[in-house]
Amino acid sequence: DCTNPEACNYNPDATVDDGSCLENDCAGTCGGAAVVDECGQCNGLIESVNDCGPIDDLFISEYIKGSSNNKAIEIYNGSESAVALASYKLWLIQNGGIWPEQELEFPDITLAAGDVFVVCHESADNNILAVCDLATSDAVMDFNGDDAIGLAKNGELIDAVGKSGAGPGAGWDVAGISNATKNHTLIRKYTIEGGNLNWDVSAGDAVNSDWEVLTYDCDSDDCN
C-alpha cells in the first residue's frame, strides 16, 4: 500500500507501490483497474458523454509540433463576445499521467470575438514568432508529440490534444495518420464549433476527425 494513503489518493486495488498509487490509475502504474469518466479522461468528473463536446467556449484551433523548438498552440474565440483570457490556462501532461502536471497562465487581456491567441516557444522559427502573441520558455511549451496539451477554464478542462492516462508512444494518431502529433501541424476543421474532451472521437480516423493533419518543417525558409 502507499506510505501515505491520504497524500497519494490510495487505490485499494493497487498491487504495486511506486509512490504514485492514484485512485484513478489510468496508466496502470499501480496495477489497479483504470477508472475513467465518460469522456475517457483519467481524473475527470464528467458523468455523461453528452458533456464531452462540442463545448461552447474557447478551443484549440491549431497545434504545431515541428522540428526542434517549433512549437505553438492557437486558441480561438468562436463566440460573439470578447473573452477575458485570465480565466484560462494551458495544461500539460508529459509521457502519461493526469491533468495537470504543468500549467501556463494567459496574460490578463481580452480576446475579441473571432480572434485567435497564439502561444509559442520563445526559440521557435521566425515564421512562427511573427504570428505569436506570447513567446515563452514555460515548461508547458516544451511539449513533445507524446505529451497531452489541454485548455482549461477556471480549473476545468474544456479541450485537449491527447488525453490523460497512459502515454501514446511516439505520438497520438490523428485522422488515420500515425504519430500525427509529432512533427506535424493539426488544424481544427472549420466545421468544428467547440472543444471536445473525448480525444478518441476528436482524433477520429481517416474519415471522421476534428482535425486536418499537415506536414510541418521549419528547417527551410518556408513553414508549411
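To be clear, the structure that these remarks concern was listed above.
My aim in this report is to walk through the structure given alongside it, one point at a time.

Conventions we followed
Residues numbered from 1 in each chain as written. Predicted model: local features only at pLDDT ≥ 70, side-chain atom pairs only at ≥ 80, totals over all residues. Heavy atoms only, no water. Salt bridge = Lys/Arg side-chain N within 4 Å of Asp/Glu carboxyl O. Helix = DSSP H or I, 4+ residues; strand = E, 2+ residues; numbered from the N terminus. Buried < 20%, exposed > 50% of the residue type's maximum accessible area, 1.4 Å probe, protein only. Contact = heavy atoms within 4.5 Å. Pairing = 2+ DSSP bridges. Core = buried A, V, L, I, M, F, W, Y, C linked by side-chain atoms within 4.5 Å. Disulfide = S-S within 2.5 Å.

Further remarks concern the pattern of salt bridges. On inspection of all chains with the given rule, the structure shows six salt bridges. Taking the shortest distance from any N to any O, the salt bridge between Asp-159 and Arg-188 comes out at 2.8 Å. With Asp-159 in strand E10 (residues 156–161) and Arg-188 in strand E11 (residues 184–188), the pair connects residues that are 29 residues apart, well separated along the chain. Residue class for Asp-159 comes out buried when judged on its relative accessible area of 0%. The partner of Asp-210 in a salt bridge is Arg-188, with the nearest N and O atoms 3.6 Å apart. You can see Asp-210 sitting in the loop between helix H2 (199–203) and strand E12 (211–215) and its partner Arg-188 sitting in strand E11, a full 22 residues away along the chain. Neither residue differs from the other here; Asp-210 and Arg-188 are each classed as buried.

Quick look at the environment of Pro-107 now. Position of Pro-107 relative to the elements: it lies in the loop between strand E5 (102–105) and strand E6 (110–111). Given a relative accessible area of 27%, Pro-107 falls into the partly exposed group. Pro-107 sits 21 residues away from Ala-86 along the chain, and the two C-alpha atoms are 6.0 Å apart. The residues contacting Pro-107, other than those within four sequence positions of it, are Leu-85, Ala-86, Phe-117 and Leu-134.

With that settled, consider the environment of Gly-96. The topology assignment puts Gly-96 in the loop between strand E4 (88–93) and E5. Along the chain, Gly-96 and Gly-162 lie 66 residues apart, while their C-alpha atoms are 9.7 Å from each other. Ignoring anything within four residues of it in the chain, the contact list for Gly-96 reads Glu-101, Gly-165, Ala-166 and Gly-167.

Okay, the pairing of E11 next. Counted residue by residue, E11 has four buried out of five residues, so it is predominantly covered. In this sheet, E11 lies alongside strand E1 (residues 59–65) in antiparallel orientation, the contact comprising four bridges. Bridged to Ile-64 within E11 is Thr-185. Note that E11 and E12 share five bridges and pair antiparallel.

Turning our eyes to something else, we now look at unusual backbone geometry. Look at the link from Gly-53 to Pro-54: it is a cis peptide, with omega at 0°. Mapped onto the elements, Pro-54 comes out in the segment before E1. Cis geometry is found at the peptide bond from Trp-99 to Pro-100, where omega equals -25°. For Pro-100, the location among the structural elements is in the loop between E4 and E5. A positive phi angle, close to 55°, is found at Ser-68, a residue other than glycine. With respect to the helices, strands and loops of the structure, Ser-68 is situated in the loop between E1 and strand E2 (71–76). Look at Ser-68 and you get exposed, because its relative accessible area is 60%. A positive phi angle is found at Asn-183, which is not glycine, with a value near 55°. Here Asn-183 lies in the loop between E10 and E11.

Attention shifts here to the nonpolar core. Counting 42 residues, the largest nonpolar core has Ile-73, Leu-90, Phe-106, Ile-149, Leu-151 and Val-174 as the members making the most contacts within it. Those elements giving two or more residues to this core turn out to be E1, E2, E4, strand E7 (116–121), strand E9 (148–153), E10, H2 and E12. Setting aside chain neighbours within four positions, we find Leu-90 in contact with Ile-73, Ile-75, Gln-102, Glu-103, Leu-104, Phe-106, Val-119, Val-140, Met-141, Ile-149, Gly-150 and Leu-151.

Under the counting rule described, the total for this entry stands at two disulfides. Between the sulfur atoms of Cys-39 and its disulfide mate Cys-52 the distance is 2.0 Å. With the S-S bond torsion at -105°, the cross-link from Cys-39 to Cys-52 turns out left-handed. Of this pair, Cys-39 sits in the segment before E1 while Cys-52 sits in the segment before E1, and the two are 13 residues apart along the sequence. Relative accessible area serves as the criterion here: at 3%, Cys-39 is assigned to the buried category. Note on cysteine connectivity: Cys-120 is disulfide-linked to Cys-132, with sulfurs 2.3 Å apart. Because the sign of the S-S torsion sets the handedness, a value of about -105° for the bond joining Cys-120 and Cys-132 places this disulfide among the left-handed ones. Here Cys-120 is found in strand E7, whereas its partner Cys-132 is found in the loop between helix H1 (126–129) and strand E8 (134–136), with twelve residues between them in sequence. The two residues Cys-120 and Cys-132 agree in class, both being buried.

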